[in-house]
Amino acid sequence: MKRTTLLILCLSCFLAAGAENGYDLWLRYKPSGNQTYRQHITAVLTTGSSPTMKAVRDELTRGLSGLLQTAITHSTAVNRDGIVIAGTPHSSPLIHNAGIAPLLQQAGEEGFIIVTKKIGDKKCILISGNSDVGVLYGAFHFLRLLQTEQPVEQLHIVSTPRIKLRMLNHWDNLDRTVERGYAGFSIWNWHTLPGYIDQRYIDYARANASIGINGTVLTNVNANATILTKPYLEKVKALADVFRPYGIKVYLTARFSAPVETGGLKTADPLNEEVRQWWTKKVKEIYTYIPDFGGFLVKANSEGQPGPQDYQRTHADGANMLADALAPFSGIVIWRAFVYSNENPADRHKQAYDDFVPLDGRFRPNVMVQVKNGAIDFMPREPFHPLFGAMPKTPLMMEFQVTQEYLGQGTHLVFLAPLFAETLQSDSYQKGPGSTVAKVIDGSMDGHPLTGIAGVANIGSDINWCGHPFAQANWYALGRLAWDHTLSSKQIAEEWLRMSYSNDERFIGTASKLMLESRDIMVQYANPIGLHHIMGTSHHYGPAPWVNDLNRPEWNPVYYHRADSTGIGFNRTATGSNALAQYHPEARARWENMLTCDEKNLLWFHHVPWDFRMKSGRSLWDELCYQYYTGAERAGKMRDTWQTLQPYVDRQRFEQVSMLLQIQHEEAIWWRNACLLYFQTFSKRLIPAEYEKPSKTLEYYKSLQFPFAPGI
Ligand code: GCV
């Protein structure tokens, strides 16, 4: 072999090993080691000519060609075994006559079935649903079975989503910055839309459809009324047209003061007739561009946003006005319950409940109230929000944060499925034991037909979409749990790892363990024992428990930890703010007594003396040291464990993750040292001798500045 040929060969091998930049997400369709599926698949037969069925055909072609490493044959007749037939009973006589009607009945409007069936004497795989989008979800699921090496010899799957609206909320601004975004700029290029359709928009839709996401709010809840003007609606239409075949509806954030800011009115009072007409007209206009527009997401009277309370009206007045405008088009209003005010002296924890519970039953049927998983703000660990279980007459939508604002942002590997699951499985005791938050939001508790889960997106213009290669898993987890909240975090982690990296069991065992422990580790080195909201001001990057000089008291970390010479923690019992009274008695029972309180949330609910005896036998101060030191040490172990996985991971992503885990370890030590040195000024106790002493002073940590931290 000539030297140049050899060189080219070596170079291409090297490039192949190192060429994974993460753009393909979990839709890589690389052939797996164990290709038993080969013998069961010979061709594809799709029926129907809708854009959605075209997407089905394209995805099956792309997926199977990749997985089988051969150009896939498209068949028009069932003339051999192993044909994958995809379609609805309406578009395909084959499917209509296949005897699967009872199964399809179970699949509902958006669900799918995947079954092995004899058609004549040929053994085929049928992917079907009652709608084209159901078939699309089925096609993605079928590919997932192959990607994760599940047996496909005899299939009998019926799957239907447990939640109706499965959404991403983008906090994307029109200038393309992303609030709390750590993966570059917004993927919506408003400047080149509507004429230029970036391939990313299509790949975004594919990725979402593959995990069942069916709604996207394109714009930040801190809203800009410009999005509702004609030139921008034309751009939104272009995106909606791209997403429609993938079953994704577009929603926008509505700035409550839009009638004043862009409509020239003097007021935005929801009971003012002119204002009502302005919205009615605006909504009509939107539907001329986007006939299946989903509706509005609204943040009102929160953190400086305008809202109905500016006119002495209630949240229900505001939501209902928009709901009335949307109702003729079957649009909905998603009204956020994330409200708190610095003028209200009540514990911030209590304010949303106080505002919203009296309004239960006063919202129109096309209004959902969107509630964050906890009452403060997406903390690494929060008890579930007391509104879950307290508004039976109102459909409540869950809001999770997929972007890692308080969870290490772009540099920490923190798998969020365990956090999501913890909230969903919490028992609200609304109707006695077993009244989980999941049952509240899937509508089964109170019989609501309108149900939803939203996740604040972690997507940006970075080549791999999410910044940290493992942050993709959080997008994936949101979709999978929204489809089926009974899936375990382990199953989700393993699926994602198999599709994104490798099916090698040695890799899966170690990497999934690493993912599953990661959130606990992060809590341990940053917010142990129920500490919360002690991060840096404004950018929220790193620790700053000492901050006490912001105008709004509830923006200061000292408001939350309340450390003093006697102890640390927020007393939310009857002798304190009594936020605990907002939970049903059985739910609060696990927290209200300091002696028996679940220690994971101890300082969330109690002000605890420094020498309080913990279950470990250690004093509270020693336990705090133990948790911080153990958390930081475990972060170091995550980095070391990753090194053992090098044989299974392409060079590029291996190195990215290696560098990030090194940063994570250093930042875990930063959290540990900064917090302990600061809390020590109150506890006046020594860090136990067995631990290495912090190498820097508290003054050093206090002096750190991050003027250009992303996401502000
Ligand atoms: C979009 C927190 C975040 C804000 C965010 C707000 C919200 O306060 O720090 O960036 O604003 O939550 O959810 O509305």
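Calculation criteria
Residues numbered from 1 in each chain as written. Predicted model: local features only at pLDDT ≥ 70, side-chain atom pairs only at ≥ 80, totals over all residues. Heavy atoms only, no water. Helix = DSSP H or I, 4+ residues; strand = E, 2+ residues; numbered from the N terminus. Buried < 20%, exposed > 50% of the residue type's maximum accessible area, 1.4 Å probe, protein only. Contact = heavy atoms within 4.5 Å. Areas by Shrake-Rupley, 256 points an atom, 1.4 Å probe, with all protein chains shown as cover. Lys, Arg positive; Asp, Glu negative; His and termini not counted. Charge placed at Lys NZ, Arg CZ, Asp CG, Glu CD. Phe/Tyr/Trp six-rings, centres within 6.5 Å; stacked < 30°, edge-to-face > 60°. Disulfide = S-S within 2.5 Å. Domains from an automatic or database assignment. Buried area = accessible area lost by both parts, 1.4 Å probe. UniProt positions renumbered as here; feature names shortened; annotations may be inferred. Pairing = 2+ DSSP bridges. 1 Å grid on protein atoms, 1.4 Å probe; cavity = no way out; pocket = protein on both sides within 12 Å on 5 of 7 lines; lining within 4 Å. Points joined across faces, edges and corners; volume = space filled by probe spheres on them. Nonpolar A, V, L, I, M, F, W, Y, C, P; charged D, E, K, R; others polar. Salt bridge = Lys/Arg side-chain N within 4 Å of Asp/Glu carboxyl O.

Within the protein, the secondary structure is distributed over 22 helices and 16 strands. Taking all 712 residues of the protein together, the buried fraction comes to 62%. Residue pairs at least 24 apart in sequence account for 72% of intrachain contacts in the protein once pairs closer than 6 positions are excluded. If you sum the accessible surface of the protein, you get close to 26700 Å²; carbon and sulfur atoms cover 53% of it. The distance from the centre of the 70 positive side-chain charges to the centre of the 68 negative ones in the protein is 4 Å.

This part is about the packing of aromatic side chains. Counted under the stated rule, the structure contains 46 aromatic pairs. Summarising the aromatic geometry, the rings of Trp-188 and Tyr-201 are spaced 6.1 Å apart at their centres and angled 45° between planes, so their arrangement reads as tilted. You can see Trp-188 sitting in the loop between β7 (165-169) and α6 (199-210) and its partner Tyr-201 sitting in helix α6, a full 13 residues away along the chain. Accessibility classification places Trp-188 together with Tyr-201 in one group, the buried group. When the ring of Trp-188 is compared with that of Phe-243, the centres are 5.9 Å apart and the planes differ by 55°; the resulting orientation is tilted. With Trp-188 in the loop between β7 and α6 and Phe-243 in helix α7 (residues 230-243), this residue pair connects regions lying 55 residues apart in the sequence.

Below, the discussion takes up the state of the cysteines. Here the structure, examined in full by the defined rule, presents zero disulfides. With no disulfide of its own, Cys-625 lies 11 Å from the sulfur of Cys-675, the closest cysteine sulfur. Residue Cys-625 is classed as buried on the basis of its relative accessible area, which comes to 0%.

If you check the domain split of the protein, you get domain 1 (33-159), domain 2 (165-500) and domain 3 (524-570 + 607-703). The gap between the C-alpha centroids of domain 2 and domain 3 is 31 Å. The interface of domain 2 with domain 3 comprises 22 residues on the first partner and 26 residues on the second. Taken together, both faces of the contact between domain 2 and domain 3 bury some 2100 Å²; the carbon and sulfur share is 56%. When the area that domain 2 buries against domain 3 is broken down by residue, the three leading residues are Asn-342, Thr-411 and His-412, summing to 23%.

A separate point is the UniProt feature "domain: Glycosyl hydrolase family 67 C-terminal" (unreviewed entry) in the protein. Mapped onto this numbering, the UniProt entry annotates "domain: Glycosyl hydrolase family 67 C-terminal" (unreviewed entry) at residues 466-690. For the annotated span residues 466-690, helix accounts for 52% and strand for 2% of the residues, and the straight-line distance between the end C-alpha atoms is 39 Å.

Of all five residues in β7, five are buried; the element is thus mostly enclosed. Side chains Leu-165, Met-167 and Asn-169 of β7 all project onto a buried face; the interleaved residues Arg-166 and Leu-168 project onto the opposite face, where all are buried too. As paired elements, β7 and strand β14 (residues 452-456) share five bridges and run parallel to each other. If you follow Arg-166 over to β14, its bridge partner there is Ile-453. With three bridges connecting them, β7 and strand β8 (residues 215-217) associate as parallel partners. Bridging from a neighbouring strand, Leu-168 pairs with Thr-216 of β8.

According to UniProt, the positions carrying the feature "domain: Glycosyl hydrolase family 67 catalytic" (unreviewed entry) are residues 146-465. In residues 146-465, the share of helix is 26% and the share of strand is 13%. The end C-alpha atoms are 24 Å apart.

Quick look at empty space enclosed by the protein now. Across all of its chains, the model carries six cavities of 30 Å³ or more by this definition. Roughly 130 Å³ of internal volume is contained in the largest cavity. Together, 21 residues line the largest cavity, and Tyr-406, Gly-408, His-540, Gly-542 and Trp-671 are the ones closest to its centre. Counting only elements with at least two residues in the lining of the largest cavity, the list comes to α16 (505-526) and α21 (651-683). Looking at the lining of the largest cavity, the element that brings in the most residues is α21, giving three residues. Classifying every residue of the lining of the largest cavity by side-chain character gives 11 nonpolar, eight polar and two charged.

Scanning all chains against the criterion turns up 40 salt bridges. A salt bridge links Arg-572 to Asp-347; the shortest N-O distance between them is 2.7 Å. Here Asp-347 lies in the loop between β11 (332-336) and α11 (348-356) and Arg-572 lies in the loop between β15 (567-568) and α18 (585-589), a separation of 225 residues in the sequence. Accessibility expressed as a relative area gives 5% for Asp-347, which makes it buried. Two residues, Lys-513 and Glu-517, come together in a salt bridge whose shortest N-O distance is 3.2 Å. Of this pair, Lys-513 and Glu-517 both sit in helix α16, separated by four residues, roughly a single helical turn. Overlapping salt bridges, with partners in common, bring together Glu-20, Arg-28, Asp-650 and Arg-653 in one network.

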